[in-house]
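Residue strings, one per chain:
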Amino acid sequence: MSETATPAKTEKKRAINRLKSMYPLRNLVQQDYVNTLQASNEGKPTVWSMLNYWEGDLPLKAMGLNIVYPENYATLLAASGAAEPFLDASDSDGFPTHMCGYGRSTIGYSYRMMKENNGKIPPDAPLGGMAKPALLLGSGIICDARFKWFQALARYFDAPEWCLEMPMMATFEGTEPDIEDYQVKFLTREIKDFIEFLEKLLKKKMDWAKLEELIDLATRIHETTWQIGEARKAIPGPMHSTDFWSSMPPALFFAGDMNVSLKLYQDMLAEVRERVKNKESGINFPERYRLIFAELPPWHSLKFFDNLAEKGWNFVFESFGYHNTRPLDLSKVSDPCEKLARFSRNFWFNVFPDAKKDGISNPVVETYLKIARGFKADGFFMHPLISCRAASCSLRTIQHFEQDKLDIPSLWVEGDIIDKRVFNPQEVLAKAEAFEQTMDHYRTVRKSKGLDW
């Protein structure tokens, strides 16, 4: 090299060790938006569906309908930095700023489509946007905003709206004698009513063989993703939370071709197991602390986790509501509607027997205790949201139980899932510096009490 030659630039090491198998799963969902838009342009109806824990997704797919998920699309708006005009549009139409960020985004999207663009997709919508819906499928699961949100959307569109229900209750009510039979009958009736509604709306009959096939595929996808979750307990944690959030939609919504999803999740399971075998971490820095993120992430600032990875913070688990549980054996259930009812119910009620045994009335608290023990967590990253009471109201109780029973401390960081104007990364980094001393202290306390981490 001559004395005047410019030295080659050294490429900065990526903080998070991304799984190669994550990318095709993320692309699958993005391509699904493009495909649905193309199908709409060809005259095929589009359904806007809320996350319904699978009561409605599989019947819609078995009827051959194209589905998009506004909650998931809201995360794309936030992640691409495009959310603000849609949030402002919702505010301008009179909806409160403290309402659910997913709801604000899609209400703003609908407002701009129908009142500003004469029914056309807003030009700044990522991935070409969502086509105008022919049907709105809402859900009463989790919170009041979800129940009313799609009713509000129906004001903008000349489209019918259907709402599916799920019994939501605390541990002791949910373990009363005969409650399971009652719930299964209720959910089976919900699904049958919905299918009858679809048959009348579309003037065609349900393809029951197709529905059975999809339930079987759904079971296999959930079994595979559950195994990925189990493999993530290894030390060092082989899969970072950002990879989970980027790859979860095909299992959470059953977006895209489910046969393709199953194959891609099998590839991910193989890659995660290979990392476990080789003791390869989900971050490219030594794992100093194992963190659990509760509950919904700041979709607009996922790059922020790079800063924490550089400090050796490995987020080994996150967002329990996005994780599948191990499926039940449904081989002896002949009615596909009952089979789907039991499949859906299992997500919410599988932890109830353990919660009852431990005397914990809030099953979410029991879930996080099991996660913290299983993953040997050093700390919790609590993300309370003024715009989501459902995801925030249990956090303080979770904090107390984790601290009292397992001596695991929590870092509190207020923010929002969609609106980046209320999230301050620099403030979080300053808090993180001090929180490391807290985690170090409680690591010593746990060992003095005989815990093995």
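Just so you know, these numbers come straight off a predicted model, no measurement behind them.

(A) Focus on the nonpolar core. Grouped together as the largest cluster of nonpolar side chains are 146 residues, with contacts concentrated most on Y102, W299 and W313. The contact partners of W313, leaving out residues within four places of it in the chain, are H240, I283, Y289, L291, L308, L411, A432, F435, E436 and M439.

(B) Summary view of the packing of aromatic side chains. Summed over the entire model, instances satisfying the criterion amount to 35 aromatic pairs. Centre to centre, the rings of F293 and F381 are 5.1 Å apart; their planes meet at 20 degrees, and the pair counts as stacked. Of this pair, F293 sits in strand β5 (residues 289–294) while F381 sits in strand β7 (residues 379–382); the two residues are 88 residues apart in sequence, bridging distant segments of the chain. The exposure classification of F293 matches that of F381, with both residues buried. By the ring-pair criterion, three or more aromatic residues cluster together here, those being Y53, W54, F254, F320, F343, F347, W348, Y368 and F380. Above the plane of the ring of Y156 lies R155, whose end atom (NZ or CZ) is 5.5 Å from the centre. Positioned above the aromatic ring of W412 is the side chain of R396, whose terminal nitrogen or guanidinium carbon lies 3.8 Å from the ring centre.

(C) Quick peek at the sheet that holds β7. The four strands lie next to each other as β6-β5-β7-β8, forming an open sheet whose pairing is parallel. In this open sheet, the two strands that pair with only one neighbour each are β6 (313–318) and β8 (410–412). Neighbouring strand axes in the sheet, compared pairwise and without regard to direction, differ in orientation by 30 degrees on average. Note that β5 and β6 share five bridges and pair parallel. Of the residues in β6, the one forming a bridge with R290 is N314. Packing of helix α16 (residues 363–375) onto the sheet brings it into contact with β5, β6 and β7, and relative to β5 it is tilted by some 160 degrees.

(D) Structural view of the environment of V184. Mapping V184 onto the fold places it in helix α8 (residues 179–202). Once residues within four sequence positions are removed from consideration, V184 is found in contact with E338, A341, R342 and R345.

(E) View of α8. With 24 residues, α8 extends 34 Å from end C-alpha to end C-alpha; this agrees with the ideal 34 Å at 1.5 Å per step. When α8 is considered as a whole, its buried residues turn out to be I179, Q183, V184, L187, T188, E190, I191, F194, I195, F197, L198 and E199. Its buried side turned inward, α8 meets α2 (57–62), β3 (135–139), β4 (161–164), α7 (171–174), α9 (208–231) and α14 (336–349). A positive phi of about 55 degrees marks K203, the residue just after α8.

Criteria and thresholds
Residues numbered from 1 in each chain as written. Predicted model: local features only at pLDDT ≥ 70, side-chain atom pairs only at ≥ 80, totals over all residues. Heavy atoms only, no water. Core = buried A, V, L, I, M, F, W, Y, C linked by side-chain atoms within 4.5 Å. Buried < 20%, exposed > 50% of the residue type's maximum accessible area, 1.4 Å probe, protein only. Contact = heavy atoms within 4.5 Å. Phe/Tyr/Trp six-rings, centres within 6.5 Å; stacked < 30°, edge-to-face > 60°. Helix = DSSP H or I, 4+ residues; strand = E, 2+ residues; numbered from the N terminus. Lys NZ or Arg CZ within 6 Å of the ring centre and 35° of its normal. Pairing = 2+ DSSP bridges. Axes fitted to C-alpha atoms, helices over the stretch in contact; angles between N-to-C directions. Expected span 1.5 Å × (residues − 1).

Scope: geometric values only; no functional claims are made or implied.
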